[in-house]
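A look at the structure
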Amino acid sequence: MRKRDHNVFANGASLLICGLLAGVVVAAAAFPAVAMSGLAAKAGAETFDKLPTELTVKMAPQISYLYASDGKTVLATMYDENRRDVPIADIAPVMQKAIIAAEDHNFYKHNGVDMKGIGRAFVANNSANETTQGASTLTMQYVRQAIAYSATHPQDVVAATEDTTARKLREMRYALQIDSELSKDEILERYLNIAPFGNGAYGVFAASQVYFNKHPKDLKIEEAAMLAGMVKAPSENDPTTEDGFDRALKRRDYVITNMRDLGYITPEEATAAMATELKVTGKRAPNGCVATSKNHWGFFCDFFYRWWMDQETFGATAYDRERRLKSGGYNIVTTLDVQAQEAAKKAVEKHLKTGKPEALMLAGIEPGTGRVRSIAVNRNYKLDDPAKPTNGKSTNPKAPKGTRGTWPNTTNPLVTGGGDITGYQAGSTFKMFPMVAALEKGYPLAYTINAPEEYVSKYPVEYNSPAACAGTSKYCPRNASKSMAGTHNMWSAFGMSVNTYFVPLEERAGALNSINVAKRLGIQFRSSEDAKRATAEGGGDLWGAFTLGVSATTPLDLANAYATLAADGKYCEPIPVQEIRDQSGKTLDVASPRCEQRFKPEIARAAIDAARCPLGDNSPTSQCRSRTTSFVRGVVDKPVAGKSGTTDSDRTAALVATTKQLSVAGILADPDWPESTEKMEHSKVDPAVAEALRDAMKGKPSQQFTPPSGKLVQGDQRSIPSVECQAVETARSRLKGAGFEVEVDTKPIDSKCPANTVAGTSPDGRTIKGGVVVIKISNGRGGANPPSPGGNAPGLPGNPNGPNLGRPPGE
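We now turn to the structure provided with this report.

Digging into the overall build of the protein
Along the backbone of the protein there are 26 helices and 24 strands. Evaluated residue by residue, the protein yields a buried proportion of 55% over its 811 residues. Long-range pairs, those at least 24 residues apart, make up 72% of the contacts in the protein between residues at least 6 apart in sequence. Of the roughly 33,400 Å² that the protein leaves accessible, carbon and sulfur atoms contribute 51%.

A closer look at the sheet that holds strand β17 (residues 641–646)
With antiparallel pairing, the 5 strands of this open sheet are ordered in space as β7-β6-β19-β18-β17. One side of each edge strand has no neighbouring strand; the edge strands of this open sheet are β7 (372–377) and β17. Here the average twist between neighbouring strands, direction ignored, is 5 degrees. Sheet analysis places strand β18 (residues 653–658) next to strand β19 (residues 663–669), joined by 6 bridges and oriented antiparallel. Pairing of A653 across the sheet is with L668, part of β19. Against the sheet, helix α15 (residues 338–351) contacts β6 (359–365) and β7, and its axis sits at roughly 20 degrees relative to β7.

Considerations on the pattern of salt bridges
Counted under the stated rule, the structure contains 36 salt bridges. Among the salt bridges present, the one from R605 reaches D568, with a minimum N-O distance of 3.2 Å. Of this pair, R605 sits in helix α22 (residues 601–611) while D568 sits in the loop between α21 (555–566) and β14 (570–572), and the two are 37 residues apart along the sequence. For the salt bridge of E602 with R605, the shortest nitrogen-to-oxygen distance reads 3.4 Å. In this pair, E602 and R605 both sit in helix α22, 3 residues apart, roughly one turn of the helix. Where salt bridges share partners, they join D80, E322, R323 and K326 into one cluster.

A word on the pairing of strand β5 (residues 331–334)
Pairing analysis gives 3 bridges linking strand β1 (residues 64–67) to β5, with the strands arranged parallel. Its bridge partner being in β5, Y65 is matched across the sheet by N331. Direction of pairing for β5 relative to strand β15 (residues 577–581): antiparallel, over a ladder of 4 bridges. Each bridged residue has a counterpart across the sheet, and for V333 the counterpart in β15 is E579.

Some thoughts on the packing of helix α5 (residues 138–150) against helix α7 (residues 165–181)
For the pair α5 and α7, interaxial distance at closest approach is 8 Å and the crossing angle is 110 degrees. Of the possible angle classes, the one that applies to α5 and α7 is roughly perpendicular. Of α7, the residues touching α5 (which contributes T139, M140, Y142, V143, R144 and I147) are R167, K168, R170, E171, M172, Y174, A175, I178 and D179. Residue composition of the contact of α5 with α7, by class: 8 nonpolar, 1 polar and 6 charged.

Examining the side chain of E366
Note on placement: E366 falls in the loop between β6 and β7. A distance of 3.1 Å separates the side chain of E366 from the side chain of R373, its partner in a polar contact. Look past the residues within four positions of E366 in its chain and what remains in contact with it is R371, R373, Q661 and L662.

A look at the state of the cysteines
Within the structure shown, the criterion is met by 5 disulfides. Here C469 engages in a disulfide with C476; their sulfurs sit 1.2 Å apart. Residue C469 shares its accessibility class with C476, and that shared class is buried. Sulfur-sulfur distance for the disulfide between C572 and C595 comes to 2.1 Å.

Remarks on the pairing of β18
In terms of burial, β18 is a largely internal element, 6 of the 6 residues being buried. Residue alternation in β18 divides its side chains into two sets, A653, L655 and A657 and A654, V656 and T658, and both sets are buried. For β17 and β18, the ladder comprises 6 bridges, and the chain directions are antiparallel. Opposite T646, over in β18, you have A653 as the bridge partner. In sequence, β17 turns back onto β18 through a hairpin of 6 residues, with S649 there showing a positive phi of about 65 degrees. Linking β18 back to β19 in an antiparallel pair, the connection comprises 4 residues.

Some remarks on the sheet that holds strand β21 (residues 741–749)
The strand order β21-β24-β22 describes an open sheet built from 3 strands, whose pairing is mixed. A single partner strand is all that each edge strand has here, and the edge strands are β21 and β22 (758–762). Each adjacent strand pair in this sheet contributes to an overall mean axis angle of 25 degrees, direction not counted. Where β21 meets strand β24 (residues 772–778), 6 bridges bridge the pair, whose relative direction is parallel. Counterpart to V742 in the pairing with β24 is V773.

Regarding the packing of aromatic side chains
One pass over the structure, following the stated rule, counts 16 aromatic pairs. When the centroid spacing of 6.2 Å and the interplanar angle of 20 degrees are considered together, the rings of Y65 and Y67 count as stacked. Y67 matches Y65 in its accessibility class, with the two residues each being buried. Centre to centre, the rings of F304 and W308 are 5.8 Å apart; their planes meet at 55 degrees, and the pair counts as tilted. Of this pair, F304 and W308 both sit in helix α13 (residues 298–309), separated by 4 residues, roughly a single helical turn. Judged by relative accessible area, F304 falls into the buried class, the value being 0%.

Here we look at the side chain of T652
Topologically, T652 is positioned in the loop between β17 and β18. Under the relative-accessibility criterion, T652 is labelled buried at 5%. Looking at T652, its side chain comes within polar contact range of the main-chain oxygen of Q425, at 2.7 Å. Contact partners of T652, with chain neighbours within four places excluded, come to Y424, Q425, G645, T646, T647, L668, A669 and M680.

What counts and what doesn't
Residues numbered from 1 in each chain as written. Predicted model: local features only at pLDDT ≥ 70, side-chain atom pairs only at ≥ 80, totals over all residues. Heavy atoms only, no water. Helix = DSSP H or I, 4+ residues; strand = E, 2+ residues; numbered from the N terminus. Buried < 20%, exposed > 50% of the residue type's maximum accessible area, 1.4 Å probe, protein only. Contact = heavy atoms within 4.5 Å. Areas by Shrake-Rupley, 256 points an atom, 1.4 Å probe, with all protein chains shown as cover. Pairing = 2+ DSSP bridges. Axes fitted to C-alpha atoms, helices over the stretch in contact; angles between N-to-C directions. Salt bridge = Lys/Arg side-chain N within 4 Å of Asp/Glu carboxyl O. Parallel < 35°, antiparallel > 145°, perpendicular 65-115°, else oblique. Nonpolar A, V, L, I, M, F, W, Y, C, P; charged D, E, K, R; others polar. Polar contact = N/O pair within 3.5 Å; in protein donor to acceptor, adjacent residues only side chain to side chain. Disulfide = S-S within 2.5 Å. Phe/Tyr/Trp six-rings, centres within 6.5 Å; stacked < 30°, edge-to-face > 60°.

Below you can see the structure in the form of structure tokens.
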């Protein structure tokens, strides 16, 4: 603190007079009916002398600002008190003069305590037999506010503002201290930054915004006078109310008159200022996620708020963290990309407008940083008014009668999860996890499996249940279409979404390994039932249906899982901030990306290579056949990878699509009733995801995925012995001896070979060591042997641009 020169005798006199008058003048000013005596004066002097002289001042609560990723667009403001401190240089001189004219004419003359003012108050209050005048200087008023904000107990706040002699004494003692340590400009700056101005505005910066929508350095005479006139009684002199407007106008003109009489402005300026119509052009500052600059940004804001409340950096308890957010004066640059967010919301509303019980939920995240760029859903971010509810009834038939649903209004984290929101089944998008687990075990992309129409797995299920083979307790998945059966590798099976390829692949890779891959990619298993099942103790290694996406997830977690692979295996925690600066301008490390390399780059690149097949994309190494969602590549017009997914009975529909720069996942579901009997249509979610990604990527360069290389592509290729027309057992023996896994297709085919001998193999020619070779049985009816799907048949591998499979129900 910078000391100013003071007259030693003046200071000493002030201390002496304050002590003597403490029992008489102060009490009379505050309590004129109390009889004063010499004893009171003596007691007052002794009490004053014993008061502490050091005032501990804590920072008053400051508003925090949330910005979009451009650092300019205001997303939201959060505060306990709407205040932002500004230096005196950024406060218009007329505002400085106006507050002095309103509250303390002798501000530049006294030493913190105005003895003449105390005397006047003593005389006036005794004459009126009630308190008609106060004697508080600006410095004393600042002390009162500072004590209240520095209080650590509610009773201390009461003591700082109650109308007692003790409070007046304390203020006078501290005011003398403050005046001896700070310059007048410093005191004035502190006062203007702490004073209340009504309508939730504290300090002149907030007041200028709330009432005039401008910076305090730009205030005009009439505006400054109005604000200064409000300080005495902000609620009574509120110009935004019918009763307060006239009082505010009179107070404004009173202050302008004082400014003229004190020589701060000319008579002409005063006349012009008083002739100016009083207009309030600003508004009360919005507060919290229910008052974001655009309503649909509220869901992102909510994600940010939940993230903040989880950070120990901001306090040990939830209360401490919330207070830091709402009173710490932070400038927070979030990760919300306005272009990506607008694209997502536009796509959502285009394909499923707000007002439907089904929720079309999209999330976008940046690979390599984890920065969440967009969160959109066909909902309004607001609480439904219980007194006048507008939400539709819950679609859940088990809900109590009269229960309202989450549409069109909700503040639930439908897209990001949290609280009671555990997520939604994402179907075949989960086939990625056993594929990555298999790649980590050394199985290459070219690894072939004979995928029948129905596969009898080793996984147990309830006897004779819908998922079981008839009359057994074996899990027996089927494909969405009989045409999907045959020999597949990872490219073709992922592109066509072949269930009877991925369940046996999960057997080879291990169900628990597949589950752990999902966890490493960021799938959180929020449902307690899923979380238990996804462990060794909970029977995770027997979870055969895991690969078909029967576990719940959220669009954000799903987008991040594929983003991790797009980033060459670098996992990053989803984060809503990219920079946080405290009030001093210091950058906090808590906003830095939190990433780690969880997969070898070659593994991730191989997985992405296969994931290009479903969306109509190709690489120099890919061997795609038919595709489930081939239109996406044409819409996005960038290298893209991903996967669609559907649950049984079409209760949900999902699509995830990622470029190198952005991953977007969408899920269509009914949040109120996950077991909905309504069919969720891919015609809504698929184009919404593709268009959101396309529009978010506009203006950004195309970045190619790095194709995989080495044995993860083709593996250890071996020639397949020719066994045509041989006995089945002889052929089996030869093929096993050559290092292949052998299966026999018992359905005979037309062949020139004798009946019940080998017609050929699928594949033929070459395949990987340890790969599956299927023996085809001849019916002896002659005819040329059909080409093997594993050889030069369309799509494996000779036709990388095979036909679009479309999407049979249940994919």
